[in-house]
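Structure assessment
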Amino acid sequence: MLAPVSMRICASSSPGEVRIAVMDNDVMQDFALWRPDMADGVGDIYRARVSAHVPALGGTFITLPGLEQAGFLPDSEGLGPLTQGQTVLVTVTRSAQGGKGVRLGARNLPSDLPGGAEPKLLRRGPTPLERLARYYPLAPIIIDDVAIGTLLPAVFHPRLTRVNCAFDSDLRAQADALEDPVVPLPGGMSASITPTPALVAIDMDGGGTSMDRRPKQTAQFAANRDALPDLLRQLRLRNLSGAIIVDVAGLAIRKRRALSETVEALLKNDPLRPRFLGFTALGLAEIVRPRIHPPLHELFQSREGRLLHALRGQMQAYRGMPPDGGPVMLACGYGIMALLQDHPGWMEDFMRLTGRVLQPVMDQGLPANGWRFDHG
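Reading guide: rules and limits
- Residues numbered from 1 in each chain as written.
- Predicted model: local features only at pLDDT ≥ 70, side-chain atom pairs only at ≥ 80, totals over all residues.
- Heavy atoms only, no water.
- Phe/Tyr/Trp six-rings, centres within 6.5 Å; stacked < 30°, edge-to-face > 60°.
- Buried < 20%, exposed > 50% of the residue type's maximum accessible area, 1.4 Å probe, protein only.
- Helix = DSSP H or I, 4+ residues; strand = E, 2+ residues; numbered from the N terminus.
- Contact = heavy atoms within 4.5 Å.
- Axes fitted to C-alpha atoms, helices over the stretch in contact; angles between N-to-C directions.
- Parallel < 35°, antiparallel > 145°, perpendicular 65-115°, else oblique.
- Left-handed = near helix turned anticlockwise from the far one by under 90°.
- Nonpolar A, V, L, I, M, F, W, Y, C, P; charged D, E, K, R; others polar.
- Domains from an automatic or database assignment.
- 1 Å grid on protein atoms, 1.4 Å probe; cavity = no way out; pocket = protein on both sides within 12 Å on 5 of 7 lines; lining within 4 Å.
- Points joined across faces, edges and corners; volume = space filled by probe spheres on them.
- Core = buried A, V, L, I, M, F, W, Y, C linked by side-chain atoms within 4.5 Å.

The next subject is the packing of aromatic side chains. Summed over all chains, the structure comprises three aromatic pairs. A ring pair is formed by Phe276 and Phe279, whose centres lie 5.7 Å apart and whose planes are at 80°; its orientation type is edge-to-face. One exposure class covers both Phe276 and Phe279, and it is buried.

A few words on helix H1 (residues 128–135). Taken together, the buried positions of H1 are Pro128, Leu129, Glu130, Leu132 and Ala133. Buried residues in H1 make contact with strand E1 (7–14), strand E2 (17–24), strand E3 (27–34), strand E10 (141–143) and helix H2 (146–150).

Moving on: the packing of helix H8 (residues 303–318) against helix H10 (residues 344–354). In contact at an axis separation of 10 Å, H8 and H10 are set at 20° when each is read in the N-to-C sense. When the axis of H8 is compared with that of H10, the two are roughly parallel. Viewed along their axes, H8 and H10 form a crossing whose handedness is right-handed. Note on element contacts: H10 touches H8 through Trp346, Phe350, Leu353 and Thr354, opposite Glu304, Leu307, Leu308, Leu311, Gln314, Met315 and Tyr318. In terms of residue class, the contact of H8 with H10 is built from eight nonpolar, two polar and one charged.

The next subject is the domain arrangement of the protein chain. Domain assignment breaks the protein chain into domain 1 (7–38 + 127–173), domain 2 (44–123), domain 3 (179–289) and domain 4 (302–374). Placing the centre of domain 2 and that of domain 3 at their C-alpha centroids yields a distance of 37 Å.

Evaluated as defined, the whole model comprises two cavities of 30 Å³ or more. As for the largest cavity, its lining consists of Glu17, Arg35, Glu179, Phe300, Gly305, His309 and Arg312. At three residues, the largest contribution of residues to the lining of the largest cavity is made by H8. Residue classes in the lining of the largest cavity are distributed as one nonpolar, two polar and four charged. The volume enclosed by the second largest cavity comes to roughly 30 Å³. If you go around the second largest cavity, the residues you meet are Leu228, Leu232, Val246, Val248, Leu259, Val263, Phe279, Ala285 and Ile287. For the lining of the second largest cavity, a count of residues per class yields nine nonpolar, no polar and no charged.

The next point concerns the environment of Gly98. By the secondary structure assignment, Gly98 is in the loop between strand E7 (87–94) and strand E8 (103–105). Sequence separation between Gly98 and Glu348 is 250 residues, and the spatial gap between their C-alpha atoms is 31 Å.

Once that is clear, we can look at the nonpolar core. Core analysis: the biggest nonpolar cluster contains 27 residues, and Ile202, Met204, Val246 and Ile287 have the highest contact counts within it. When contributions to this core are tallied by element, the ones reaching two or more residues are strand E13 (190–195), strand E14 (200–205), helix H4 (216–238), strand E15 (242–247), helix H6 (260–267), strand E16 (275–279) and strand E17 (285–289). Here the element with the most residues in this core is H4; it accounts for six residues. If sequence neighbours within four positions are ignored, Met204 has contacts with Leu185, Met189, Ser190, Ala191, Asn224, Ala227, Leu228, Leu231, Val246, Asp247, Val248 and Ala249.

Okay, the packing of helix H9 (residues 334–342) against H10 next. Between H9 and H10, the least distance of the axes is 4 Å, while the angle of their chain directions is 80°. One finds that H9 runs roughly perpendicular with respect to H10. Packed against H9, whose contacting residues are Leu339, Leu340, Gln341 and Asp342, the element H10 presents Pro344, Trp346 and Met347 at the interface. Taken together, the residues of the contact of H9 with H10 break down into five nonpolar, one polar and one charged.

Dropping the structure here:
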């Protein structure tokens, strides 16, 4: 996709995480969370060993070296009969999410992979910043941490511009709003987003249409039509995927089908090409969006996500202060202490970005995944 002149990619660093927003003027068009030491694995290529073929599931479990979970390779990938212990070349096509393991593919693999026989990771997939930089090839990349540039392939370096803060207050507010399940929409409308294990339910709620002097159904139709662009943009920003149902606000069921053309046109802007299946007998819009990367709500609500959110808040509080202060004390339950020990780069990031040492201390009085900042 060619980027208009007004478009830019903003990448803001915090401990363990980079938040990436693609902006067209002041409107966010794309968003991604990049955790460099917790990559979702999509695009990784492995030489891996066959664990077990399961005809009832229509595929084969493949043991991926270095991962706790086996990946699943559908029979439709065309590798033919596979035997236990055999090595095969596979790529990750869908990350682990929603309690399910990674999905694998075996088509269109590059021909220049290293040889050998032992199972190993052969090539990493692109990072979120690399993916967006390729999708918007003319957009400048604004960063606020030199470490981001060192993790980006050299071909993108001419597009980099270093600033003190890649996210201004307005962009921070837009990014923070992605954690809120309630989305404000034009015309005083809003939408409540509720992910479940089976689907994502979205309930639109009318607002200012009660003040409209036009007939009720005319006003409700116009309000829903005008709110849909912002709502469907949220699918992309939040990476909502799988089965999605939308209950529009206030319209009689027979009137809702008139919104079909609008929904279909808006979904064409999404690079994942979601499918609009129409309206159900209950008047619910059905959308299917491919599952590839984890949805934002899973990343935000995970134990790692909650801790990284807290570290970002502390970074923002200390950034700009004199670097000669004492350490920032973090009382931890044993689970959080183990997490920090597994990810020492988070503490290194905190030191680099604030000039202060993050000092974790075990506190037996806290629950396993609890923590508390002690400010002396």
